[in-house]
Amino acid sequence: MDMEQAKIPQATAKRLPLYYRFLNNLHSQGKLRVSSKELSEAVKVDSATIRRDFSYFGALGKKGYGYNVEYLLSFFRKTLDQDETTKVALIGVGNLGTAFLNYNFTKNNNTKIEMAFDANEERVGTEVGGVQVHHIDDLENKLGDLEVAILTVPASAAQGIAERLVEAGVSGILNFTPARISVPSRVRVHHIDLAIELQALVYFLKHYPLMEDEP
Ligand code: ATP
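Keep in mind the model is a prediction, meaning the values are calculated, not measured.

**Student:** Can you help me understand the nonpolar core in this one?
**Tutor:** The nonpolar side chains of a soluble globular protein tend to be buried with one another. By size, the foremost hydrophobic cluster in this structure holds 22 residues, and its most contacted members are Tyr19, Leu23, Val34, Leu39, Phe54, Phe57 and Phe76. For this core, the secondary-structure elements that each account for two or more residues are α1 (10-28), α2 (36-43), α3 (47-56) and α4 (69-79). The biggest single contributor to this core is α1, with seven residues. Listed in part, the 21 residues of the second largest apolar core include Phe117, Ala158, Ile161 and Val187.

Okay, here's the thing in structure tokens:
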């Protein structure tokens, strides 16, 4: 994202890929405009939040007209760097790592796992989902100018690998391990713990059951 959009709140920025994906679908169906109500139902974000989010980038919906799909899409494309593919490294080709390598990220957004690393000699030298698996010892040699990494190693290895990634110039880490990793403040870590997310969902279902909409 460029400096011009640096003032968008983080919570808004996190929703942009969601909006982008939906608007792209609308655009390919030939739709020219969309209301915040329609968007709200599709992306499950309340319409007041959508209107506030959109106001940050100067998209003011007109009453009875909605938002111009083309305008929003071109804004998102620029903001999300969709014109450029971001190359990503994946560390740890176990069950989860393998699933990510086989999953085609480029279908919905412009990120691509370019290379993978593992410590297991049997995996090194193989190709998974069309991506070459290198030995973790070669991390610093092979990374080049990659700045984003996905971490799917065991929790015990996470901190050590994160330090090596940072040292090698990585500035963004998507951490799927349960370990909380410490990195310098200039490095952004997003943490996704699938087990905890699932547990939280079950907890909410039990303690905060959702009501059916009034007819
Ligand atoms: P599996 O046991 O089937 O490999 P898993 O996802 O349960 O799958 P984990 O023990 O979580 O396995 O390890 C994930 C992957 O990380 C494995 O492929 C393992 O070889 C690799 N790995 C473990 N330690 C390191 C390390 N220090 N550096 C790089 N890769 C590592």
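**Student:** What's the story with the domain arrangement of the protein in this structure? I'm lost.
**Tutor:** Quite often, the size of an interface is put as the accessible area lost when its parts meet. Partitioning the protein into structural domains gives domain 1 (3-79) and domain 2 (86-197). Between the C-alpha centres of domain 1 and domain 2 the distance comes to 30 Å.

**Student:** Teacher, can you tell me more about α4 here?
**Tutor:** One turn of an α-helix holds 3.6 residues; hence residues three or four places apart share an orientation. For α4, the set of buried residues is Val69, Leu72, Leu73, Phe75, Phe76 and Thr79. Buried residues of α4, seen end-on, are gathered within an arc of 165° and therefore sit on one face of the element. Next to the buried residues of α4 lie α1, β1 (33-34), α3 and β2 (67-68). Looking one or two residues beyond α4, the residue adopting positive phi is aspartate 81, at roughly 55°.

**Student:** Would you take a moment to explain the sheet that holds strand β7 (residues 148-151) for this structure?
**Tutor:** Two modes of strand pairing occur in sheets, parallel and antiparallel, and in both the strands are linked by backbone hydrogen bonds. Judged by pairing direction, the sheet is mixed, and its seven strands sit side by side in the order β5-β6-β4-β3-β7-β8-β9 without closing on themselves. On the outer flanks of this sheet lie β5 (127-128) and β9 (188-191), each paired with one strand and no other. Across the sheet, helix α7 (residues 155-167) is in contact with β3 (86-91), β7 and β8 (172-175); its angle to β7 comes to roughly 170°.

**Student:** Help me out: how do you make sense of the environment of isoleucine 181 in this one?
**Tutor:** Topologically, isoleucine 181 is positioned in the loop between β8 and β9. It is 5.4 Å that separates the C-alpha atoms of isoleucine 181 and glutamine 159, two residues lying 22 residues apart in sequence. Setting aside chain neighbours within four positions, we find isoleucine 181 in contact with Leu151, Ala158, Gln159, Ala162, Ile173, Asn175 and Val189.

**Student:** Explanation requested: the site of the ligand in the structure shown.
**Tutor:** Taken together, 14 residues lie around the ligand, and Asn95, Asp118, Ala119, Arg123 and Pro154 are the ones closest in. The separation between an oxygen atom of the ligand and a polar side-chain atom of aspartate 118 is 2.6 Å. Summarising the interface, the protein chains cover 63% of the accessible area of the ligand, which totals 610 Å² for the free molecule. Looking at the shell around the ligand residue by residue, the classes come out as seven nonpolar, five polar and two charged.

Analysis parameters
- Residues numbered from 1 in each chain as written.
- Predicted model: local features only at pLDDT ≥ 70, side-chain atom pairs only at ≥ 80, totals over all residues.
- Heavy atoms only, no water.
- Core = buried A, V, L, I, M, F, W, Y, C linked by side-chain atoms within 4.5 Å.
- Buried < 20%, exposed > 50% of the residue type's maximum accessible area, 1.4 Å probe, protein only.
- Helix = DSSP H or I, 4+ residues; strand = E, 2+ residues; numbered from the N terminus.
- Domains from an automatic or database assignment.
- Arc of directions from axis to C-beta.
- Contact = heavy atoms within 4.5 Å.
- Pairing = 2+ DSSP bridges.
- Axes fitted to C-alpha atoms, helices over the stretch in contact; angles between N-to-C directions.
- Near = heavy atom within 4 Å.
- Polar contact = N/O pair within 3.5 Å; in protein donor to acceptor, adjacent residues only side chain to side chain.
- Areas by Shrake-Rupley, 256 points an atom, 1.4 Å probe, with all protein chains shown as cover.
- Nonpolar A, V, L, I, M, F, W, Y, C, P; charged D, E, K, R; others polar.

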